[in-house]
Each structure stands twice: as C-alpha cells, then as structure tokens.
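What the coordinates show
Letter by letter, the chains look like this.
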Amino acid sequence: MKKIRISYSLAVIGCMLLLHSCGITKKYETPDAEVGTQYRDTLVTDSTTLADIPWKEMISDTILQQLIEEGLAHNLDLKVAVENINQAEATLQQARLSLLPSLSAEPSVTFTRTSQAALNFGGANVNLKTKTFKAQLASSWEIDVWGKLRSSKRSALAAFLETEAAARAVKTQLISDIAVSYYTLLAYDEDLRINKETLANRKDDQETMKLLKESAVVDGAAVVQSEASRYEIEASIPDIELSIREQENALSILLGRSPGTIERSTLEEQIPYTDLKVGFQSDLLRNRPDIQEAEFAFRSAFEDVKMAKAYFYPSLTITANGGLSSLTIEDFFNKSIFYTIVGGLTQPIFANGENKARLKTNESLQRHAFYNYRTAWLTAAEEVSNNLYMYQKAVQKHEAREKQLTALEKSVDFTESLLEYTSSTNYTDVLTTKQSLLSAQVNSISDKLQELQAVIQLYRALGGGWNDVLAEE
C-alpha cells in the first residue's frame, strides 16, 4: 500500500511539473506587426516588386557598377558587419556544445601528512606520510528537462541570423549610398559646367555692354551691372568646386579607399529605371533585411524569456568519475580502477529573487524587441511611400521644367535683341531673364537628381540588392 501511495505521489508531481513546463515549451511564432497590404495612395494588384531585380539591371552606368563592386569588396562598415557574424557564429557553436556532456582528464599526485595524535591508536607505529597517484576522467551532463539549454541554443541561433540580416542590410544600404553619392557628384559636375558656361556668357555680356555704351545705346549703369553679374557667377564657382571635392572624398570613404578623384560619366547619360513595381506591403518581411534583423532580435529575446522561466525548475545533472588510483606507482595499473556515478536534482531555493529579476528583465527586453520590430515595419512603409511619391513628383516636374527652359531661352533672345537693336528695354531686363534661365537650369539638374535618387532609394526601401549580392558571393 505504501508503494502505491509513493507511485501515486510521484505521478501527481510529474503531472504538475508537466503542466508548469507548458509555458516554457511554447513554440515561437512570428509576431503580428499589424501591417496592411497596400501603401498609401497606391493600388497594388500583384506581388511583383522592384526588389526582385538585380541591382546591375537597375543601374545601367558601367562605371557606377564598378564602384559598387569595389565598395562591396572594401567598405569598412561591411567588414565590421562580417566580423559581427563571425562572433555570433562562435557564440552559437558554444551554445550547441553546452547540450553535450563535459569531459575532462585529471591526472594528479597527492602528498598527505597526518598528525601523530590523530592516527596513533594504542601506541602503534603509523605512517604519517602518504602519496597517492591518480588519473581520472570526469564527466558532467545536465539533462535539459525544461529546455533551458535548447532555448539558449535557439537564442544564439536567432542572434546569429540577426547579424547575417544586419550584414545584408549594410549591403543594400551601401549600394544605395554609393549610387546616391555618385549621382550627387554628377549633379555638381553639371552645375559647375552650367555656371562656367554662364560665366563665359557674362564676360561676353560685359564686353558687349562696353561697346553698346560707346555707341550710346546703354549707359554706364548697364556696364556696371554686367560686371557685377559676371563676378557673382565667378564667386559661386569655388563653392561648387568645394562641394565636388567633398563629395568625391565622401564617396571614396564608402569605397574603402583614401580620398581622391572619382572616375565618372555625366548626369545627361543617366537613364532612370521606370518600371517601378512595389508589390504588397506584407512582402517587406521577405525582402527587407532590417525587418528580418528586427524579427530575429525578437526571436532571440523570446527564447531568453523561456530560458529565464526554466531557472525556476530543478535541474537534473549526472556526474561520473572513473580512473586509476594507487598509493604506489608500481601498483598503478594493478587493481586500481575506481568509478562513481551520481545523479541529482538541484532545486533553486534562495535564488528565487535572482530568477524573478532575470525573468522580468528578459520579458522587458522582449517587449523592447517587439517595439523595434514594429518600428522597422512602419519605417519601411514610410520610406517606400516617400520615395515612390518623390519619383512621381520629379517626373511631373520634368515636363513643366522643359517648357520653362524653352520659354526662358526665347525670352533671353528677345530681350537681348530688343536691347541691341531697338533700345526699348534695358540691361536690367536682360539680366533678369538670364538669371531666371540660370535658376531654371540649376533646378532642372535638381529634378533629374531627384528622379535618379528616388528610384535607387525606392529600390533599397523595398529591400532590393542583397539577393544578387549573395548569389555573387
């Protein structure tokens, strides 16, 4: 009867432990970020997305392609990301090995001296000195009843995958940054070309005004205005040249090289990619490395919470020792074998406060990771919406800007002719129309730059670039 009661008690305890462990063994599920399928004011009818296109198809400029390849090979931020992967891989390997029994070899020689008073019984002669020769193997294995070690391994795996996703995010950002920096450099080149061309025209204007003054067509004010206009343009050129130098240096750093000259083509040669399909918003998890990174961070925190819960339950450890032991070296291999095997449960008692603090911390970290995951989704949707709209506005401006430039060029020709042949206008009118033309030309450069940058940034926002980079590796 007593044996029956003991068996019943053990069964009840086992069921209670099993019920308690249900919270520990909860299976991971991707958290719901509450995202929609559509982007703002954008009707999506299929899952086709710009992100699936290789970056070399997105970018037709062969010089820019070479610069991107150089950046992918030498950029220092990318090298740091790779080292983060190596560190996470080592941590993962360590977590995997923790599931296996430990084994250590312990050879030793022990010298012992015992007092005469402790060993002298009835005046008998006792050897006060002993020497023990021992060689043993010791092993310890914690049986992962509650999944603590498995949770630790899964947490390390998620952290490893997080670093891989972070490296992919660096790659896609790097492709975008190099392209945007390159296009900006081309825009500065075009700005410099137009201003130098304008300066040459202003010098011609200055000479023309001097001749017209001699012919009494204009007065001295027109000559002075023409000089001032010339020097205004002349003073603006050094700032543009400074911007070019700074942009070259910044692009050099992205490429992992010392600041220097950057080989490049022209802004006019750039052809923006126009088939801009964005796909469904829910596809961003598949394409955006930063969202994947945030999701893996949440998964790691989820496993850490499970591991913290497991600390409240007893751990089952099996230890074993075995080897040879002898008082003399001559008998070391003669009937000197010994071994011990011990299995034991360790239930935390006084560490309950520490366990509660650990659990509270890990639960807070998990909530933190979820908020970061949610933020990554919102930021991605914002970037896609902004860059798509930026591209649309740049295209809309292009047609109007072309008409504006055509009208201003005609206006300059008319006012110059009126000034030279009819004297029905003055140089101020001519200068005003020329300034308007220059402003429109500079704005036209900005429009083209906006269009190019919007396309490449939309590509990055959708998560494009990393798939074909990995394929090349």
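Residues numbered from 1 in each chain as written. Predicted model: local features only at pLDDT ≥ 70, side-chain atom pairs only at ≥ 80, totals over all residues. Heavy atoms only, no water.

Regarding its fold elements, the chain presents twelve helices and four strands. Here the chain, with 473 residues, has 39% of them falling under the buried criterion. When contacts within the chain are restricted to residue pairs at least 6 apart in sequence, long-range pairs at least 24 apart make up 83% of them. Accessible area for the chain stands at about 26,900 Å²; split by element, carbon and sulfur atoms hold 56% of it. (Helix = DSSP H or I, 4+ residues; strand = E, 2+ residues; numbered from the N terminus. Buried < 20%, exposed > 50% of the residue type's maximum accessible area, 1.4 Å probe, protein only. Contact = heavy atoms within 4.5 Å. Areas by Shrake-Rupley, 256 points an atom, 1.4 Å probe, with all protein chains shown as cover.)

We now examine the environment of Leu-438. Looking at the element boundaries, Leu-438 is found in helix α11 (residues 427-461). Separated by 243 residues in sequence, Leu-438 and Asn-195 place their C-alpha atoms 8.0 Å apart. Leu-438 has contacts with Ile-194, Asn-195, Thr-198 and Ile-233, leaving out every residue within four places of it along the chain.

This part is about the packing of aromatic side chains. Taken as a whole and assessed by the stated rule, the structure comprises four aromatic pairs. Between Phe-370 and Tyr-371, the ring centres sit 6.2 Å apart and the planes meet at 65 degrees, which makes this aromatic pair edge-to-face. Owing to a relative accessible area of 24%, Phe-370 belongs among the partly exposed residues under this scheme. Aromatic side chains Tyr-373 and Trp-377 sit 6.4 Å apart centroid to centroid with 90 degrees between the ring planes, which places their arrangement in the edge-to-face category. Taken together, the positions of Tyr-373 and Trp-377, both in helix α10 (residues 352-422) and four residues apart, correspond to about one turn of that helix. Judged by its relative accessible area of 1%, Tyr-373 is buried. Taking relative accessible area as the criterion, Trp-377 reaches 4% and is therefore assigned buried. Three or more aromatic residues joined by ring pairs make a cluster, and in this case those are Phe-298, Phe-370 and Tyr-371. (Phe/Tyr/Trp six-rings, centres within 6.5 Å; stacked < 30°, edge-to-face > 60°.)

What follows concerns the nonpolar core. Formed by 50 residues in total, the largest nonpolar core has its most connected members in Ile-59, Ile-178, Tyr-183 and Leu-251. Going through the elements one at a time, α2 (55-58), α3 (62-74), α6 (148-214), α7 (220-254), α10 and α11 are the ones with two or more residues in this core. At 13 residues, the largest contribution of residues to this core is made by α6. Leu-251 has contacts with Leu-67, Ile-178, Ser-181, Tyr-182, Leu-185 and Ile-262, leaving out every residue within four places of it along the chain. Grouped together as the second largest cluster of nonpolar side chains are eight residues, Leu-284, Ala-294, Trp-377 and Ala-380 included. (Core = buried A, V, L, I, M, F, W, Y, C linked by side-chain atoms within 4.5 Å.)

On to the side chain of Asn-287, then. Of note, Asn-287 is situated in helix α8 (residues 284-287). Note on Asn-287: relative accessible area 2%, which makes it buried. Among the polar contacts listed, one links the side chain of Asn-287 to the side chain of Arg-286, at a separation of 3.4 Å. Excluding anything up to four places from it in sequence, Asn-287 contacts Thr-49, Ala-51, Asp-52, Gln-292, Leu-462, Gly-463 and Trp-466. (Polar contact = N/O pair within 3.5 Å; in protein donor to acceptor, adjacent residues only side chain to side chain.)

With 13 residues, α3 should cover 18 Å at 1.5 Å per step; its first-to-last C-alpha distance of 18 Å lies within 8% of that length. Within the span of α3, buried status applies to Ile-63, Leu-64, Gln-65, Leu-67, Ile-68, Gly-71 and Leu-72. Its side-chain oxygen at 2.9 Å from the backbone nitrogen of Ile-63, Asp-61 defines the N-terminal cap of α3. (Expected span 1.5 Å × (residues − 1).)

In this section: helix α9 (residues 289-310). With 22 residues, α9 extends 32 Å from end C-alpha to end C-alpha; this agrees with the ideal 32 Å at 1.5 Å per step. Of all the 22 residues making up α9, 16 are buried; the element is thus mostly covered by neighbouring parts of the structure.

Another aspect to go through is the environment of Thr-379. In this fold, Thr-379 is placed in helix α10. C-alpha of Thr-379 to C-alpha of Ile-291: the two residues are 88 residues apart in sequence and 9.6 Å apart in space.

The next subject is the pattern of salt bridges. Applying the stated criterion across every chain yields a total of 14 salt bridges. Put simply, Arg-401 and Asp-447 hold a salt bridge, and the shortest N to O gap is 2.7 Å. Taken together, the residues Arg-401 in helix α10 and Asp-447 in helix α11 connect sequence positions 46 residues apart. The burial state of Arg-401 is the same as that of Asp-447; both residues are buried. (Salt bridge = Lys/Arg side-chain N within 4 Å of Asp/Glu carboxyl O.)

Among the structural elements, Ala-381 can be located in helix α10. Overall, the relative accessible area of 15% leaves Ala-381 in the buried class. C-alpha of Ala-381 to C-alpha of Leu-462: the two residues are 81 residues apart in sequence and 8.7 Å apart in space.

With that settled, the discussion passes to the confidence of the model for the chain. When the pLDDT values of the chain are averaged, the result is 76; 67% of them are 70 or greater. For residues 1-13, every residue scores under 50 in pLDDT, and the model assigns this stretch zero contacts once sequence neighbours within four places are set aside. (pLDDT = per-residue confidence, 0-100.)

This part covers the side chain of Ser-181. Within the secondary structure layout, Ser-181 lies in helix α6. A polar atom in the side chain of Ser-181 sits 2.7 Å from the side chain of Gln-247. Discounting residues that sit within four places of it in the chain, Ser-181 has contacts with Gln-247, Leu-251 and Leu-254.

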